[in-house]
Amino acid sequence: MMCWKLGVLLLALCCAEAAAATTTLTLDQALAMARERSPVLQAARQDADRAVGAARGALLPNPVVSGGLVARDTVDGLEPELGLAQPLPLVERLAERGAERARAAASADWAADAERQVLAQVSADFLRVRHADARTLVAEQAAVLAGKVLAATRSRVDVGEASAMKLSAATLAQARAGAALASERASQAEALGALRISLGVEPATELEPVGPILSPERYAPLLSGSAPTRADLAALAEQLTAAQAEQRFARAQALPELGVWAQAAQEEGQSVTAAGLSLELPLFDRAQGERAVAKVRLQQAETALRARHGAAKVQLDTAIAVYRLRLEAFELLASVAVPRAQEQSAAASRAYELGELPLPELLLVRGQMSLTLVQHADAELDAALAGVRLLEVAGWTP
């Protein structure tokens, strides 16, 4: 009995450990997960499939079969009569089929554009988590240093080398460092929650995003400023094609509609067959409304495509300029400001331990170092987000 209970306990512990297992996640893995799980992408792909299905309609309408019994004055009883009519709106149907195919192609392009936007959002959420991790690390280091300063100050007070006022200042500095750390951990949890939503992962799945925040090699090929090849531009071009086909369809409705017919009947005991052509004349309804609507839709499609092309070029030029400036700011902080701040902080710590530097000056140097490290992390995130924006407006998949 005891062995059975022990086995159950071990099994429960193993299950709990498996449920709490942490999944490390790189940016590329996060993007692959988003491609599979994103509800936005699934909805866009379903819309594309629906449009493809709508484009598979028959080219000709169904034939019309008629029949009945005819009473004739010259014949006793009723005689059968059977007719078959087949409309042939080939011009209308061909134009309509072209519009449906163009709309299906546009839906596929809109699905690809939805992927571009979703992956850009996932990239931004992933980078914000890594940025929150970096700021939390800075806050943890500052809290550790504040604790060391407080311990050293307390020791000096005990031997009469420091006043109670300095101990109060060190205690205040440690409290502020602890509050800053708690705030950064809250931002970290918030950023991780946003990433979970973007990826559509279950709450029980523990994620640990890893990898660099800024990867300049991802964005370097886009700095040439070549014309963007975005899926939304292709979708608008297909919508223009569909509008042109709809205009042809509206014009075709104003043309006479051809049809064929055949008839078989009994007339005075003799079998009679006949066949011929029919022509529907558009004397009153010449599709005036349809043609007016199709003309406006064509103008709207042309305007939308032209405006989007112009905006895409402006967006690309702006994204390139912003990325270069953000990268310059980050590199300046990484190469000059951060090393200098770390050197000053280390020197100040040694001087304080030797009694050569007052506590207020040490706290000032430490504060400047923390601000520099936070500014460095912020600049890295800004450059990385600018790079993601560059990928997005250029139409490249992150």
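Structure: see above.
Everything numeric here is computed off the predicted structure, so don't read it as measured data. (Residues numbered from 1 in each chain as written. Predicted model: local features only at pLDDT ≥ 70, side-chain atom pairs only at ≥ 80, totals over all residues. Heavy atoms only, no water.)

### Quick word on the sheet that holds strand E5 (residues 257-267)
Put simply, the rule reads: By the convention used here, strands pair only if DSSP detects at least 2 bridges between them. Counting from the N terminus, the helices are the DSSP runs of H or I reaching at least four residues and the strands are the DSSP runs of E reaching at least two. Only C-alpha atoms enter the line fits that serve as axes; for helices the fit covers just the stretch in contact. Angles between N-to-C directions range over 0 to 180 degrees.
Overall, antiparallel pairing links the 4 strands, which are arranged E2-E3-E5-E6 in an open sheet. The sheet terminates laterally at strand E2 (64-71) and strand E6 (270-280), the two strands that pair on one side only. Between one strand axis and the next, the sheet turns through 15° on average, direction left out of account. Where E5 and E6 come together, 11 bridges link them in antiparallel fashion. Within E6, the position partnered with Gln266 by the bridge is Ser271.

### Digging into the pattern of salt bridges
Put simply, the test is: For this document, the term salt bridge refers to a Lys or Arg side-chain nitrogen within 4 Å of an Asp or Glu carboxyl oxygen.
Going through the model one piece at a time under the given rule, you end up with 19 salt bridges. Residue Arg128 pairs with Asp125 through a salt bridge whose shortest N-O separation is 3.7 Å. Of the two residues, Arg128 and Asp125 both sit in helix H4 (residues 90-158), 3 residues apart, roughly one turn of that helix. A salt bridge links Arg196 to Glu206; the shortest N-O distance between them is 3.8 Å. Of the two residues, Arg196 is situated in helix H5 (residues 164-199) and Glu206 in strand E4 (residues 206-209); the sequence distance between them amounts to 10 residues.

### Points about helix H8 (residues 288-353)
For clarity, the cut-off: Given the number of residues in a helix, its expected span is that number minus one, multiplied by 1.5 Å. Bend at a residue means the angle formed by two fitted axes: the first through the 7 residues ending at that position, the second through the 7 residues beginning there.
Along its 66 residues, H8 runs 92 Å from first to last C-alpha, staying within 8% of the 98 Å computed at 1.5 Å per residue. Leu333 marks the point of greatest bend in H8, at about 40°. The positive-phi residue at the C-terminal boundary of H8 is Gly355, with phi of around 80°.

### Some remarks on the packing of aromatic side chains
Put simply, the rule is: Between the rings of Phe, Tyr and Trp (Trp by its six-membered ring), a pair exists once the centres lie within 6.5 Å; its type follows the angle of the planes, with under 30 degrees stacked, over 60 edge-to-face, and the other angles tilted. Here, a charge over a ring is recorded when the distance from Lys NZ or Arg CZ to the ring centre is within 6 Å and its angle to the ring normal is within 35 degrees.
Enumeration according to the criterion identifies 1 aromatic pair in this entry. Over the aromatic face of Tyr352 sits the side chain of Arg156, whose NZ or CZ is 4.3 Å from the ring centroid.

### Quick look at helix H3 (residues 39-54)
Heads up, the condition is: Residue burial is assigned from relative accessible area. The probe radius is 1.4 Å, only protein chains are included, and a residue is buried under 20% of its type maximum, exposed over 50%, and partly exposed in between. This arc is built from the directions going out from the helix axis to the C-beta atoms.
The terminal C-alpha atoms of H3, which comprises 16 residues, lie 23 Å apart, in line with the 22 Å expected from a rise of 1.5 Å per residue. Among all positions in H3, only Leu41, Ala44, Ala48 and Ala51 are buried. Projected onto a plane normal to the axis of H3, the buried residues spread over an arc of 85° and lie on a single side. The exposed residues of H3 that point more than 90 degrees off its buried face are Pro39, Gln46, Asp49 and Arg50.

### Re the layout of surface pockets
The condition that has to hold: With a 1 Å grid spanning the protein atoms alone, the term cavity applies to any set of points in which a 1.4 Å probe fits but cannot get out, the term pocket to an open set with protein on both sides within 12 Å along at least five of seven lines, and the term lining residue to any residue with an atom within 4 Å of a point. Grid points are joined across faces, edges and corners, and a volume is the space filled by probe spheres set on the points. Classification used: nonpolar for Ala, Val, Leu, Ile, Met, Phe, Trp, Tyr, Cys and Pro, charged for Asp, Glu, Lys and Arg, polar for all others including Gly.
Considered as a void within the structure, the largest pocket measures approximately 610 Å³ in volume. Lining the largest pocket are 22 residues, and of these Ala142, Ala173, Ala177, Gly367 and Ser370 sit closest to its centre. Counting only elements with at least two residues in the lining of the largest pocket, the list comes to H4, H5 and helix H9 (359-394). For the lining of the largest pocket, the element with the highest residue contribution is H5, accounting for 8 residues. Class assignment for the residues of the lining of the largest pocket results in 16 nonpolar, 2 polar and 4 charged. As a volume, the second largest pocket reaches approximately 200 Å³. Lining the second largest pocket, in full, are Arg103, Ala106, Ser107, Trp110, Gln239, Ala242, Ala243, Glu246, Arg297, Gln300 and Ala301. At the level of secondary structure, the elements contributing two or more residues to the lining of the second largest pocket comprise H4, helix H7 (231-252) and H8. Tallied by class, residues from the lining of the second largest pocket come to 5 nonpolar, 3 polar and 3 charged.

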